[in-house]
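Each chain is listed here by its residues.
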Amino acid sequence: MTQSEIFAYLQTSFPDAGLVLDETQPEPLIVVPREQLLDVARLLNADEQLHFECLMCLTSIDMGEELHAVYNLYSMKHDHKCTLRCRVNREDPVIPSVSSVWATADWHEREAYDLMGITFEGHPDPRRILLPDDWEGHPLRKDYQPQKEWHGIPLEAVQPEDLEKKRENG
Amino acid sequence: MSEKRELNLPLGPTPEKMQAAYAAADQMPGEFMHVQMGPQHPATHGVLRVEIETDGEMILKGTPHIGYLHRCFEKVAENITWPQIVPFTDRLDYCSSMNNNLGWSLACEKLFGIEVSERVQTIRVLAAELNRIANHCVALGSYSLDIGAWTPFLLLFQEREHILDLFEELCGGRLLLNYIWIGGLSHDIPDGWLKKVRDFTEYMKPKVPELNQLLSYNKIFTERLANVAVIPADVCLQYGVTGPNLRGAGVKWDLRKSEPYSGYETYDFDIPVGTGEMGQVGDAFDRYMVRVHEIEQSLRIIEQAAGRLEKMPGDDVQAAIPRTFAKVPAGEIYFRTEQPKGELGFYIVSNGKSKPQRVKCRAPSFSNLCVLSKVAPGLLIADMVALIGSIDIVLGDVDR
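Residues numbered from 1 in each chain as written. Chains lettered and ligands numbered in written order. Predicted model: local features only at pLDDT ≥ 70, side-chain atom pairs only at ≥ 80, totals over all residues. Heavy atoms only, no water.

Caption draft 1: Highlighting the side chain of histidine 65 of chain B. Within the fold, histidine 65 of chain B resides in strand β5 (residues 58-65). Among the residues examined, histidine 65 of chain B registers a relative accessible area of 14% and is labelled buried. Looking at histidine 65 of chain B, its side chain comes within polar contact range of the side chain of glutamate 51 of chain B, at 2.7 Å. Setting aside residues up to four positions removed in sequence, histidine 65 of chain B forms contacts with Arg127 of chain A together with Leu48, Arg49 and Glu51 of chain B. (Helix = DSSP H or I, 4+ residues; strand = E, 2+ residues; numbered from the N terminus. Buried < 20%, exposed > 50% of the residue type's maximum accessible area, 1.4 Å probe, protein only. Polar contact = N/O pair within 3.5 Å; in protein donor to acceptor, adjacent residues only side chain to side chain. Contact = heavy atoms within 4.5 Å.)

Below, the structure is given as structure tokens:
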């Protein structure tokens, strides 16, 4: 099935869910409200005609006002792909966890929490994964400011602008 | 103490045994021994720490802790220009730099709509397959070292040295190559290089049966790997395990065949899968053996690519490289390639500027390692070493 056929199929199952097909990108994607995300994910995984058994990638993106989570799905059985996108406000970055549907999401969601600060509700092990447990802030956010020190280790923050200034001054 | 002995779990990795192990660990917290395997451990292939809860020799719970080699690839990538990211991809999985360069370049080329010539594609395939052999030499060699065989390690690293010499002549680098660029290559192939590639394939072909004689079908080695750490196909799919590990579980799936790129569809090669030759399908031996067979298949592809290049007239390998990346098409794309360790995907968000807005690297080792906590319960501690080695992780790829 193509992405628009999958979208039409989902629309019949979730007529009031507020799903939107975004065709502005090179590969069209389906925007899902976070309230419906888990139900949609379960259907995509379990339905015989869709059968998305693989979560290829889970990406978190800082889009300014909003934080986005993008789910790239693949069905090995039917050889078709689908991209879901969940948008949440920066102030309230909570998305239901899909790790019960695809176990791949376990670590990818932990990474998205660690680096982007999106909280995945219902995650079985919501810890940081790459950074130390007592790290402050979420580095992949565009407004991230590194802490001054960590356990007595000074963290001299070098900003890209400073580097450019240094280069200009020789 | 008596309670622990009464568990009396059956030998062999059955689902019942895993469940029983989980249940036992939950019921008796603090009753069992905690062992920290790593972060500095010879068998973890880098700085990986596995927190193990054991009952005697048997593992009840294994939790990997990663991040010791985190180098902020994704954050760095947001602050440098598109072509500047290529050398950083070298350092993701430093055993297969060429394939990482290829994955990144192809993703960018697809987003920017760049087409490269057939000759450039052929050189890329040739170089990527050479690097696949080099990667498998490291994987199999260090695996034999983990299991306790020292000689095959030296022999396989010797074969790898020939490939590194070829790379050195090709682009100057041995480990970190920075060879495949967005829209082209850093250098054309030097004169007489294809002859050396031909010599290498002729030299390498008899080495694979030799390896099988020396190591693969060695009684001690097969006994050590057969039926150990079975990862069934459905678990692989659920956890996103890809590459030789997935094929070892008997799933005939390779991105070079199912979603061909760089003209892979025109090459004649097979996808080796695990058959349960020595035990169950998907055990450590199958994962090992798939890599051995992949070396043979890569040699076939290299011969075909070299044959085509010999007949092709030369052209400018940098012809399709854009003059500037100051203004690029905006958009988002996910592109994946078959890296020696599995599926290497890049999710790129471009806002039309010279630097990407967001780069997500779906590293193969990251997803492959996450299955460890699922497979570990019920293994012996010594088999944990066999499991980590057979998954073939590189911590530079896991932590990025």
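More follows now that the structure is in view.
Caption draft 2: Structural view of the nonpolar core. Among the nonpolar cores identified, the biggest contains 171 residues, and Tyr71 and Leu84 of chain A together with Trp104, Tyr179, Tyr288, Phe346 and Met384 of chain B are the most heavily contacted of them. Element by element, the count of residues in this core is highest for helix α6 (residues 118-147) of chain B, at 13 residues. Contact partners of tryptophan 104 of chain B, with chain neighbours within four places excluded, come to Trp82, Ile85, Val86, Thr89, Ile182, Phe346, Ile348 and Val359 of chain B. (Core = buried A, V, L, I, M, F, W, Y, C linked by side-chain atoms within 4.5 Å.)

Caption draft 3: Here's a closer look at the sheet that holds strand β8 (residues 331-339) of chain B. Residues and elements named next belong to chain B. Here three strands make up an open sheet; going across it, the order is β8-β9-β10 and the pairing antiparallel. Looking at the sheet topology across the chains shown, the edges are occupied by β8 and β10 (358-362). The average angle at which neighbouring strand axes cross in this sheet is 10 degrees, direction not considered. Relative to β8, helix α5 (residues 97-112) is tilted by about 150 degrees, and along the sheet it contacts β8, β9 (342-350) and β10. (Pairing = 2+ DSSP bridges. Axes fitted to C-alpha atoms, helices over the stretch in contact; angles between N-to-C directions.)

Caption draft 4: Spatial organisation of the packing of helix α7 (residues 151-171) of chain B against helix α9 (residues 207-216) of chain B. Residue and element names in this part refer to chain B. Remark: α7 packs on α9, axes separated minimally by 11 Å, with the N-to-C direction vectors making an angle of 170 degrees. Classed by the angle they form, the pair α7 and α9 counts as roughly antiparallel. Side by side, α7 and α9 meet where Pro152, Leu155, Leu156 and Glu159 of the first sit next to Lys207, Leu211, Leu214 and Leu215 of the second. Here the contact of α7 with α9 is composed, by residue class, of six nonpolar, no polar and two charged. (Parallel < 35°, antiparallel > 145°, perpendicular 65-115°, else oblique. Nonpolar A, V, L, I, M, F, W, Y, C, P; charged D, E, K, R; others polar.)

Caption draft 5: The arrangement of the interface of chain B and chain A in detail. Every contact between the two is made by 40 residues of chain B and, on the other side, 39 residues of chain A. The junction of chain B with chain A conceals about 3,300 Å² of combined surface from both sides, 57% of it contributed by carbon and sulfur atoms. Of the charged contacts, one joins glutamate 111 of chain A and arginine 400 of chain B as a salt bridge, the two residues approaching to 3.0 Å between their closest N and O atoms. For the interface between chain B and chain A, the tally reads 15 residue pairs in polar contact (both at pLDDT 80 or more). Considered class by class, the residues forming the side of chain B that touches chain A number 16 nonpolar, 10 polar and 14 charged. (Buried area = accessible area lost by both parts, 1.4 Å probe. Salt bridge = Lys/Arg side-chain N within 4 Å of Asp/Glu carboxyl O.)

Caption draft 6: Structural detail: the packing of aromatic side chains. Residue and element names in this part refer to chain B. In the structure shown here, the tally under the stated rule is 18 aromatic pairs over all chains. A centroid spacing of 6.2 Å and a plane angle of 20 degrees characterise the contact between tryptophan 82 and tryptophan 104, whose relative ring orientation is stacked. Placement of the pair is tryptophan 82 in the loop between α3 (73-77) and α4 (86-90) and tryptophan 104 in helix α5, with a sequence separation of 22 residues. When the centroid spacing of 4.5 Å and the interplanar angle of 40 degrees are considered together, the rings of phenylalanine 153 and phenylalanine 157 count as tilted. Residue phenylalanine 153 and its partner phenylalanine 157 are located together in helix α7, separated by four residues, close to a single helical turn. (Phe/Tyr/Trp six-rings, centres within 6.5 Å; stacked < 30°, edge-to-face > 60°.)

Caption draft 7: A look at unusual backbone geometry. Residue and element names in this part refer to chain B. Positioned with a positive phi, alanine 229 is a non-glycine residue whose angle comes to about 50 degrees. Among the secondary structure elements, alanine 229 is positioned in the loop between α10 (219-225) and α11 (233-239). Residues other than glycine seldom take positive phi values, yet aspartate 392 does so here, at roughly 60 degrees. For aspartate 392, the location among the structural elements is in the loop between α17 (381-391) and α18 (395-399). We classify aspartate 392 as buried; its relative accessible area is 4%.

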